[in-house]
Amino acid sequence: MDLSAINPVLLLASLMVAATPILLAAIGELVVERAGVLNLGVEGMMIVGAISGFIVAVNTGSPWLGFVAAAFGGAMLSLLFGILTQYFLSNQVASGLALTLFGLGLSALMGQNYQGIKAPAFPDWHIPLLGDIPFIGPIVFQHDPMVYVGLLIVAGVWAFLKYSRGGLVLRAVGENHDAAHALGYHVIRVRLLAIMFGGACAGLGGAYLSLVRVPQWTEGMTAGAGWIALAIVVFASWKPGRLLLGAYLFGGVTVLQLNLQAAGVAIPIEYLSMSPYIATIVVLVIMSSGRAPGSLGRIFHASR
């Protein structure tokens, strides 16, 4: 066992990369749940985004087009969920679980001819001056662009929910959809837009796995990331700032266990591999004290 082989700078820098797909999926689901909808199909949207983005990136040679395609694929799959739950009034839990199963099967079908192919390179950014700051520079300012896109989305969602009229309407719909409807707000439209935004973010998170983190297509490569994203939303008490903390916590434990394996720590690999999920559950139980949106998971019918 050689713990001196673990580089703290590299460990912290890798933390941000490992947290990004979870962060993207979780911030989208946070918006969906703040609108009063519980979408358990995050895993399915992530895996469809992963293969959609990979196929487009490989065939065009452009990772950016791949991310656009992933966002579109996730949004379209989420729209299916939205139509089922908002127009046909299907049970949200059952529909979300079906969406995950459908996404896993669809991605396996789409990815049959893309096994073993390497994704086009997506280079890191070295931000001038800031990237040269000792210790801080390599950790914060030398990442691929999607790391910063994820942070910008979190900041944008925080500002939208806190300061904009649209954010106020979305929160009103999530807290009491009947009262929001009585005030003249279009509840179904607001929820459909939130659902599609959540799907697009989940698709981006999946594409980050297949285009940057791995980078190749492997069936079932999300490996429960969508469920972790759902847990982090609850851990964050539906607040974007705490969600960022939760995603980095999971990313940190993930990277740490990989480094411990490489250092030869005398702990069975199976225990180390399950440690990020155990840590997420423990922290979720200890810290999740916030109140969920009042209409979360409830079916809305305008004629009532």
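Our subject is the structure that appears above.
All figures in this text were calculated on a predicted structure; none of them were measured in a lab.

Draft legend 1. How the structure looks around the overall build of the chain. Check the secondary structure of the chain and you find 12 helices and 0 strands. Over its C-alpha atoms the chain spans a radius of gyration of 19 Å, differing by no more than 12% from the 19 Å that the globule rule assigns to 304 residues. For the chain, with 304 residues in total, the buried portion stands at 52%. Counting contacts in the chain only where the partners sit at least 6 residues apart, residues at least 24 apart contribute 77% of the total.

Draft legend 2. Structural detail: unusual backbone geometry. Residue P215 follows V214 across a cis peptide bond; omega there is -20°. Backbone geometry at S237 places phi at a positive 55°, although glycine is not the residue there. Inspection of the secondary structure puts S237 in the loop between helix 10 (225–235) and helix 11 (240–262). Classification of S237 as buried rests on a relative accessible area of 7%.

Draft legend 3. Region of interest: the nonpolar core. If you look at the biggest cluster of nonpolar residues, it comprises 75 residues, and the most contacted ones within it are V42, F67, L211, W217 and L243. Contributions of two or more residues to this core are made by helix 1 (8–34), helix 2 (42–60), helix 3 (63–87), helix 6 (145–163), helix 7 (165–175), helix 9 (187–213), helix 10 and helix 11. Looking at this core, the element that brings in the most residues is helix 9, giving 15 residues. Residues in contact with W217, not counting those within four places in the same chain, are I47, A50, I51, F54, S107, G111, Y114, Q115, G116 and I117.

Draft legend 4. Representation of helix 10 in the model. Burial runs high along helix 10: 9 of the 11 residues are buried. Remark: S237 follows helix 10 within two positions and exhibits a positive phi of approximately 55°.

Draft legend 5. Geometry of the environment of I278. Relative to the assigned elements, I278 resides in helix 12 (residues 269–287). Its relative accessible area of 43% is what places I278 among the partly exposed residues.

Thresholds applied
- Residues numbered from 1 in each chain as written.
- Predicted model: local features only at pLDDT ≥ 70, side-chain atom pairs only at ≥ 80, totals over all residues.
- Heavy atoms only, no water.
- Helix = DSSP H or I, 4+ residues; strand = E, 2+ residues; numbered from the N terminus.
- Rg over C-alpha atoms; globule rule 2.2 N^0.38 Å.
- Buried < 20%, exposed > 50% of the residue type's maximum accessible area, 1.4 Å probe, protein only.
- Contact = heavy atoms within 4.5 Å.
- Core = buried A, V, L, I, M, F, W, Y, C linked by side-chain atoms within 4.5 Å.

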